[in-house]
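# Descriptive structure summary
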Amino acid sequence: MSTDKIALVTGYTGETGKALVKELISNNQFKKIILVGRRKVDYTDNKYLEKTEQREIDFDKIDDHAEAFGGADVHFSCLGTTRGKSGAEGFRRVDYDYVVGIARLAKQQGCKHFHLVSSQGANENSYFLYPQVKGQSEAAITKMSFDRLSIYRPAVLMVDRAESRTLERLARTILSYTIQRIAPEWLTTPIDVLGRAMCLNSFTKDRPNVEILDNHAIFRLAEQQSNSESDQSKTTNEL
Ligand SMILES: NC(=O)c1ccc[n+]([C@@H]2O[C@H](COP(=O)([O-])OP(=O)(O)OC[C@H]3O[C@@H](n4cnc5c(N)ncnc54)[C@H](OP(=O)(O)O)[C@@H]3O)[C@@H](O)[C@H]2O)c1
C-alpha cells in the first residue's frame, strides 16, 4: 500500500543505489521516487518508468541545481567513489563536498529524513583518508539537524559489481569463501540487505532522531522486514 511520501535517491546508478531503488519499487510504500545523478539511465521496466523521475545535474555546480532536490520527504544518499578511481582529492570532493552539499540542499528543500550511506570504521579523527572523510561527512551532516538522520556503516559490500575493481573483487572472493560463511555480519554486507534495511527504516517508528547503524543493526533491520514478510505469508497461508 502506497503512502503519500516521496523519496529521493542520489547515487542511484551505483550498486547500493540500484539495490535500494529496486527495494523501494517492490516495497511500494513511496508514491514516487526521484532519482538525481550526473547521468540518466534508460529504464525499460514499466515499474521503473511509472514510479521514478530522473533529474540530471552537475555536482560541481550543485548550488545551481537546488530545485533538483525539492519535492521529497526522504533522501537516500548512496553517492561515493574510491581513492583508486578518483585520487585523494577526487575522493574528498565526492565523499565530502558533494555528499555534504547534497544534504545541505535536501535540508533547504524541506527533506525530513536523511539517510546517509557511510562506512564501517568512519572516524573524523582517523589518520587514514577513507575513514576520516567518511567521519567528517557524518559530523557535518549531523550538525544540520534533520528531523531524522540515519547513518549506515556497512562492511564490505557483497555484490557482483558492474564496474571492474580487481582488488575489491579479490577481497570479496576471499571473504565470500571464508568470513561470509562463518560470521556473515562481521566483515560483509550483502547489497540487498543494505537496500532492504534502508527502505524499511523509513517506515519504522520509534527510532532515534539521529542513529548510527553498524553492520549488525543493518542486518537486524533487514531481518525485521523478512520476518514480517514470513509472518504475513504465514497468516495468508493460515487463512
Ligand atoms: N564498496 C564497499 O565495499 C563499501 C563498503 C562500505 C561503504 N561503502 C560506501 O557505500 C556507498 C555506496 O557504495 P557503492 O559501492 O554502492 O558505490 P558505487 O557503486 O561506486 O556507486 C557510486 C555512485 O556515486 C556516483 N558518483 C561517483 N562519483 C561521482 C561524481 N564525480 N559525480 C557524480 N556522481 C558520482 C556514481 O555515479 P556514476 O554511476 O555516474 O559513476 C554512483 O551513482 C559509498 O559511499 C561507499 O563509500 C562502500
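Preceding this section is the structure that the text describes.
Before going into details, it helps to say that this report is about the structure given with it. (Residues numbered from 1 in each chain as written. Predicted model: local features only at pLDDT ≥ 70, side-chain atom pairs only at ≥ 80, totals over all residues. Heavy atoms only, no water.)

What follows deals with the overall build of the protein. Along its length, the protein carries nine helices and nine strands. Per-residue burial over the protein gives 49% buried out of 239 residues. Residue pairs in contact within the protein that sit at least 24 positions apart in sequence constitute 70% of those at least 6 positions apart. (Helix = DSSP H or I, 4+ residues; strand = E, 2+ residues; numbered from the N terminus. Buried < 20%, exposed > 50% of the residue type's maximum accessible area, 1.4 Å probe, protein only. Contact = heavy atoms within 4.5 Å.)

Another aspect to go through is the packing of aromatic side chains. All chains considered together, the criterion is met by seven aromatic pairs. Measuring from centroid to centroid gives 5.1 Å for phenylalanine 114 and phenylalanine 146, while their planes differ by 25 degrees, and the two rings are stacked. With phenylalanine 114 in strand β5 (residues 113-117) and phenylalanine 146 in the loop between α4 (129-142) and β6 (148-152), the pair connects residues that are 32 residues apart, well separated along the chain. Among the residues examined, phenylalanine 114 registers a relative accessible area of 0% and is labelled buried. Accessibility expressed as a relative area gives 6% for phenylalanine 146, which makes it buried. Cluster of aromatic residues (ring-pair linked, three or more members): Phe30, Phe76 and Phe203. Of note, lysine 107 hangs over the ring of phenylalanine 146, and the distance from its end group to the ring centre comes to 5.7 Å. (Phe/Tyr/Trp six-rings, centres within 6.5 Å; stacked < 30°, edge-to-face > 60°. Lys NZ or Arg CZ within 6 Å of the ring centre and 35° of its normal.)

Another point: unusual backbone geometry. Trans peptide bonds make up most of the peptide bonds, and negative phi angles are found at most residues other than glycine. Although it is not a glycine, asparagine 28 sits at a positive phi angle of roughly 65 degrees. Within the fold, asparagine 28 resides in the loop between α1 (15-27) and β2 (32-37). Its identity as a non-glycine residue notwithstanding, serine 145 has a phi of 55 degrees, on the positive side. Summarising the element assignment, serine 145 is placed in the loop between α4 and β6.

Turning our eyes to something else, we now look at helix α3 (residues 83-108). Its 26 residues give α3 an end-to-end C-alpha distance of only 30 Å, which falls more than 12% under 38 Å, the value for a rise of 1.5 Å per residue. Residue glutamate 89 marks the point of greatest curvature in α3, where the axis turns by about 90 degrees. If you check which residues of α3 are buried, you get Gly90, Phe91, Val94, Asp95, Tyr98, Val99, Val100, Gly101, Ile102, Ala103, Leu105 and Ala106. (Expected span 1.5 Å × (residues − 1). Bend = angle between axes of the 7 residues up to and from the residue.)

Evaluated as defined, the whole model comprises 11 salt bridges. Residues glutamate 53 and lysine 32 are paired through a salt bridge, measuring 2.6 Å at the closest nitrogen-oxygen approach. Here the residue glutamate 53 occupies a position in strand β3 (residues 52-56), and lysine 32 occupies one in strand β2, the gap between them amounting to 21 residues. Relative accessible area serves as the criterion here: at 27%, glutamate 53 is assigned to the partly exposed category. Residue classification places lysine 32 among the partly exposed residues on the basis of a relative accessible area of 27%. Taking the shortest distance from any N to any O, the salt bridge between arginine 220 and glutamate 223 comes out at 2.9 Å. Pair noted here: arginine 220 and glutamate 223 are both in helix α9 (residues 215-238), with a separation of three residues, about one helical turn. If you follow the salt bridges from partner to partner, you end up with Lys32, Glu53 and Arg55 in one network. (Salt bridge = Lys/Arg side-chain N within 4 Å of Asp/Glu carboxyl O.)

Coordinates in, geometry out; function isn't part of it.
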